[in-house]
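Structural description and commentary
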Amino acid sequence: MGKIEEKRREWMEKQVTPKLKKLKLKEMPSQFYTPPNDREDPDFLEKTGFPGQYPFTAGNDPVPRWQAFAAAQAKASLKFEFGGSGASGAGMYAGFGAPEDYRDYLLRMREMGSQAGPNFAMDLPTQCGYDSDSPQAEGEVGRVGVAIDTLKDFEIVYSAYTGDVNIDKVSSNYTINAPAMIIIAMYASIAIQRGIPIANLRGTPQNDILKEFISRGTYIFPPGPSIRLFRDILVFCTKNMPKLNITSIGGYHIREAGATRVQDLAFAMANGATYLQTGIDAGLDIDSFASKFSFNGFGGSMEIYKEIAFQRAARRIWSRMLKERFGAKNPRSMMVRQVMTAHIGCSSATLQRPLNNLARSVVGAISGGMCGSIPFAMPPWDEPLGLGHSMEAKQLGYDVNRILIYEAKLGEVLDPWAGSYFMENLTDEIEGQVMEEFEKVEKMGGSVGCIESGYMQRAIARSAYERQKRIEDLEEFVVGVNCFKGPNELDIMTERKVADQYPKELMETAEERKVTALKQLKKERDNKEVDKNLKDLEKAAKNEDINLMPHIMDCVQSYTTLQEMCDVMRGIFGEYEPAKI
C-alpha cells in the first residue's frame, strides 16, 4: 500500500467517518480523487493533502454540509441564504435609512422566508465615527447603510429578533471597523438587557482596520492606536464572548481598490499576521483565538483558472503561517474560514449591458464550486445600477447556485483539480509570487510600517492605473465596454415585479428623522452619567495597559453617542493623516 493510500485510509477513519456520524449520513456526498498507486506523486501529500487536513489546499471540509443536505433542502424548498451563513446565521448584507427602516426591511425578509440574523451595512458617518447630527454627516445619513448613533438604535433594529429568533438564536454580522468596539458593546448590551449571557452571542464584526488604511478609507485613528483597540477587542471577546468571531479579514476590498491578485493575497496575509501577533503580544495562546479569525473573502476576477489556484494557495499559505510561524496546534486555527471563496468580484460587473453580469457571475460560481467550496454567484447582475439589489436579480443569483448544485452536480467532487499538473503548477506559481511580496512587506515593517510609509497605497494605485490603461488601450477586453458595442448589439433588461426594498421616500427622509430622534434622546438620557463615563473613558485611553472595552460598555449603556466616544478617543489618539501617494 502506497503512502497516499495509507493516508487516505487514515483520513477516512479519523475525519470522514466521524463527520458522517455527526451528520447522520450513510455515505459520502462528495468524492475526492488522488493520484493512482502506480503514479505516486511525492509532493501530493505535502502540498495538497486531503480536504479538511493540513495544509487545506484541497478545502477545509471533508464532508461539506451544503452538499450533504442539498437534496433535503430541495425537497423542502428551503431558501438557503447564499452569501449568508445559513438559517441560523447572518443573512445577506443589507441596511439603509434609519433603524426603523432597516428593522422593517428585516421583517419583510422574514415574510419572504428568511430566518437569518441581521448583516448590517452601516452608513458612512457611522463607519467614520460621526453622529447623524454632525455637520460632517450632512447628506450621508442612511445612504449606504443604516445610521447607528446610540444603543437606542440597536434596540429598534433588534426588536425584530425575539422568541425563536432571539439574538442568541441567530448570528449578527457588522461591517464596521474603526468604531468596531462600540458596535460590539451595543450588541453585548442588548443581550444584557434581555438577560442573555454575552458568552452565548454569535456573529462577526468585520474589525479589519488595516485594510481600511490600505484601500477602503473608513479609518479614524492612526495605525498604532487602532491596533491597540483591536487588541482590546481580541482580549475581551476571547475571554467573555468566545462564540463571536474577532475579525473578518478582507483581501476583497484590497482587490476592488485596484490591487493585483498577488497584492490582494500578500497584503491580506500581512494584515492577518499583524493581528495574530497582536494576540500573542497580549499574552494569549494562539489556539485560544486564531480559530475566531474569519475571512470576509478575497478579491475575484473573470480569470477562472487563476482564481481557483488563488484560493488553493491562500489556504496553504495561511495554514503554514499559523503552524510554522505561530505554532498553532489546533487544525481549526489553520483554516481560512470564509463563506465566499472564488468569485468574479463586483468590479468585474459592468454598467454597460448589465444583464451580462449574470453570465459573469456564473463563471465565478463555477470557480467557487471547483476550488473546494460552495458555488456562489456574486454579485447580483444589477450591482452597478445602485444600492439595494432587486429581488429579481437575487432570484437569478440563487437559481445559478441551485442549477450548479442540483443539475450540473458541481459538488459531487471535492477539489476536482487536485493532482492536475496544470493546476498544481499554477497554485505553486501564485503561492511563490505572493510569498515574495509578503516577505517584502515584512522587511518594511509589516502592514503597519507599509501603511505609514504609503507603500501599500501606492502599489494599489499604480496597479489600478495600469489595469485601466490596459482596458483603454485594448490590451484587455471587456465585452460591451471596449469591444462588441456596435449599433447591432442589443441591451437587454428584465422586468421588475417586486417593489424596491430600499424605498426612495424613506431614504430621502432618513436624515431628518434620525436627527430629530437623536436630539430627543439627548434630552431624555442621564447626561451626568454620560459625562462621568466619558471622563472615565478619556482617563483609561491615556493608559496603554487598560482594556477600553469595559469603559465603552459603560458609555454605551448610558446612551452615550458613537461620536461622543470617538471624539474622546480622537483627543487622545489623534486622527490618521493619509500618506502621500
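Residues numbered from 1 in each chain as written. Predicted model: local features only at pLDDT ≥ 70, side-chain atom pairs only at ≥ 80, totals over all residues. Heavy atoms only, no water.

When you go through the protein residue by residue, the secondary structure sums to 23 helices and 5 strands. Scaling as 2.2 N^0.38, a compact globule of 581 residues should have a C-alpha radius of gyration of about 25 Å, and the protein matches this with 24 Å. Dimensions of the protein, computed from C-alpha atoms along their principal axes, come out at roughly 80 × 60 × 55 Å. For the protein, buried positions account for 55% of its 581 residues. (Helix = DSSP H or I, 4+ residues; strand = E, 2+ residues; numbered from the N terminus. Rg over C-alpha atoms; globule rule 2.2 N^0.38 Å. Buried < 20%, exposed > 50% of the residue type's maximum accessible area, 1.4 Å probe, protein only.)

It is worth spelling out the environment of K169 at this point. As for its placement among the helices and strands, K169 is situated in the loop between helix 7 (151–157) and strand 2 (171–175). The class for K169 is partly exposed, based on a relative accessible area of 43%. C-alpha separation for the pair K169 and G117, spaced 52 residues apart in sequence, amounts to 8.6 Å.

A few words now on the pairing of strand 3 (residues 202–205). Looking at chain direction, strand 2 and strand 3 are connected through 4 bridges and run parallel. Paired with S172 across the bridge in strand 3 is G203. The parallel pair strand 2 and strand 3, bridged by helix 8 (residues 180–193), forms a crossover whose chirality is right-handed. (Pairing = 2+ DSSP bridges. Right-handed = clockwise from strand over helix to strand, strands pointing away.)

Oppositely charged side chains may form a pair once their charged atoms are brought near each other. The tally for this structure, following the rule as stated, stands at 36 salt bridges. Linking K47 and D428 is a salt bridge whose minimum nitrogen-to-oxygen distance equals 3.1 Å. Separated by 381 residues along the polypeptide, K47 in helix 2 (residues 44–48) and D428 in helix 17 (residues 421–443) bring together distant segments of the chain. Put simply, E575 and R570 hold a salt bridge, and the shortest N to O gap is 3.3 Å. (Salt bridge = Lys/Arg side-chain N within 4 Å of Asp/Glu carboxyl O.)

Attention now moves to helix 16 (residues 391–407). Here helix 16 spans 23 Å end to end across 17 residues, near enough to the 24 Å set by a 1.5 Å rise per residue. All of the buried residues along helix 16 are M391, E392, A393, K394, G397, Y398, V400, N401, L404 and I405. Check the buried side of helix 16 and you find it contacts helix 3 (65–68), helix 4 (70–76), helix 5 (99–111) and helix 15 (356–369). The first or second residue beyond helix 16 is K409, which carries a positive phi of 55 degrees. (Expected span 1.5 Å × (residues − 1). Contact = heavy atoms within 4.5 Å.)

At a closest axis distance of 10 Å, the pairing of helix 8 and helix 10 (residues 223–240) adopts a crossing angle of 25 degrees. By the angle between their axes, helix 8 is roughly parallel relative to helix 10. Residues A180, M181 and I184 of helix 8 form the contact with helix 10, whose own contacting residues are L229, D232, I233 and C237. Taken together, the residues of the contact of helix 8 with helix 10 sort by class into 6 nonpolar, no polar and 1 charged. (Axes fitted to C-alpha atoms, helices over the stretch in contact; angles between N-to-C directions. Parallel < 35°, antiparallel > 145°, perpendicular 65-115°, else oblique. Nonpolar A, V, L, I, M, F, W, Y, C, P; charged D, E, K, R; others polar.)

A few words now on the sheet that holds strand 2. Spatially, 1-2-3 is the arrangement adopted by the 3 strands of the open sheet, whose pairing is parallel. Each edge of the sheet is formed by a strand with only one pairing partner; in this case those strands are strand 1 (119–121) and strand 3. Going from strand to strand, the sheet's axes swing by 15 degrees on average, the running direction of each strand aside.

This paragraph deals with the nonpolar core. Core analysis: the biggest nonpolar cluster contains 123 residues, and F120, F154, F267, L276, F293 and W318 have the highest contact counts within it. When residues in this core are grouped by element, the largest group, 11 residues, is from helix 8. Those residues in contact with L276 that sit more than four places away from it in its chain are I286, F289, A290, F293, W318, M321, L322 and F326. (Core = buried A, V, L, I, M, F, W, Y, C linked by side-chain atoms within 4.5 Å.)

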